[in-house]
Amino acid sequence: VVREPPTSANHVETVKKWKKRAAEDEGFPPVRADSSKDLFCSLGNGHFFQALNCFDCELSAINDASRRYTVGNDALLAEALSDGVPSIVLRHEVPKPVRAKIAALLNSKREFHWALGEDGQPDFDNITENTDYCSQFEWLSKGMDG
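So, here's what we can say about the structure. Please read these numbers as outputs of a predicted model, since none were measured by experiment.

Thresholds applied
Residues numbered from 1 in each chain as written. Predicted model: local features only at pLDDT ≥ 70, side-chain atom pairs only at ≥ 80, totals over all residues. Heavy atoms only, no water. Salt bridge = Lys/Arg side-chain N within 4 Å of Asp/Glu carboxyl O. Helix = DSSP H or I, 4+ residues; strand = E, 2+ residues; numbered from the N terminus. Buried < 20%, exposed > 50% of the residue type's maximum accessible area, 1.4 Å probe, protein only. Disulfide = S-S within 2.5 Å. Phe/Tyr/Trp six-rings, centres within 6.5 Å; stacked < 30°, edge-to-face > 60°. Axes fitted to C-alpha atoms, helices over the stretch in contact; angles between N-to-C directions. Parallel < 35°, antiparallel > 145°, perpendicular 65-115°, else oblique. Contact = heavy atoms within 4.5 Å. Nonpolar A, V, L, I, M, F, W, Y, C, P; charged D, E, K, R; others polar. Pairing = 2+ DSSP bridges.

A full pass over the atoms with the stated rule returns eight salt bridges. Across the salt bridge formed by Glu 13 and Lys 96, the nearest N and O atoms sit 3.4 Å from each other. Placement of the pair is Glu 13 in helix H1 (residues 9–24) and Lys 96 in helix H4 (residues 96–108), with a sequence separation of 83 residues. For Glu 13, a relative accessible area of 30% corresponds to the partly exposed category. Judged by relative accessible area, Lys 96 falls into the partly exposed class, the value being 45%. A salt bridge links Asp 56 to Arg 32; the shortest N-O distance between them is 2.9 Å. Taken together, the residues span a long stretch of sequence, with Asp 56 in helix H2 (residues 47–56) and Arg 32 in the loop between H1 and strand E2 (39–41) at a distance of 24 residues. A single network of salt bridges, built from pairs that share partners, joins Glu 13, Lys 17 and Lys 96.

This part takes up the state of the cysteines. Within the structure shown, the criterion is met by zero disulfides. With no disulfide of its own, Cys 54 has Cys 57 as its nearest cysteine by sulfur position, at a separation of 7.6 Å.

Turning to the packing of aromatic side chains, a few remarks are in order. A full pass over the atoms with the stated rule returns one aromatic pair. Ring plane angle 70 degrees and centroid distance 5.3 Å describe the contact between Phe 55 and Tyr 69, whose orientation is recorded as edge-to-face. Placement of Phe 55 in helix H2 and of Tyr 69 in the loop between strand E4 (64–68) and helix H3 (75–83) is noted, with a sequence separation of 14 residues between them. Classification of Phe 55 as partly exposed rests on a relative accessible area of 24%.

Turning our attention to the packing of H2 against H3. With their axes 10 Å apart at the nearest point, H2 and H3 run at an angle of 100 degrees to one another. Classified by the angle their axes make, H2 and H3 are roughly perpendicular. Only Leu 77, Ala 80 and Leu 81 of H3 make contact with H2, whose side of the interface consists of Leu 52, Phe 55 and Asp 56. Looking at the contact of H2 with H3 residue by residue, the class counts come to five nonpolar, no polar and one charged.

Here His 11 shows up in helix H1. The residues contacting His 11, other than those within four sequence positions of it, are Glu 4, Pro 5, Pro 6, Asp 34, Ser 35, Lys 37, Asp 38 and Leu 39.

For E4, the buried fraction is low: zero of the five residues fall into the buried class. Bridge count for strand E3 (residues 60–61) against E4 is two bridges, and the pairing is antiparallel. Each residue of the ladder has a partner; that of Ala 61, found in E4, is Asp 64. If you look at the hairpin formed by E3 and E4, you'll find two residues sitting between the two strands.

Here it is in structure tokens:
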């Protein structure tokens, strides 16, 4: 993600696009960003964050209004909504082409898992390769953000 301060052009542009999209698409999550506070933007198209917003706002499913996106008993989803998810946070000065390259690199290697230390530095000491099943949703969402 990229931390965009309220004074950055990308912050203003992102909120403007989000408001326009929310006004045009009734299934799109509402704008809840405060224009006076930092905003965290995804490196790509933000599908993951909008999916979280659908659950956090308990929106109706677009193909069946009788169903809602709810957390239910999913403790990990509840934690993601309340505490956030582990993320690499870039400064807003990082140019958009560099952001796109970082997103492409991260998304192209989903099978390698590494961690960030408390100091924010990557920890490659215990890197592992995940060869487990990967859902179609995960593969498609990775491609969308690249």
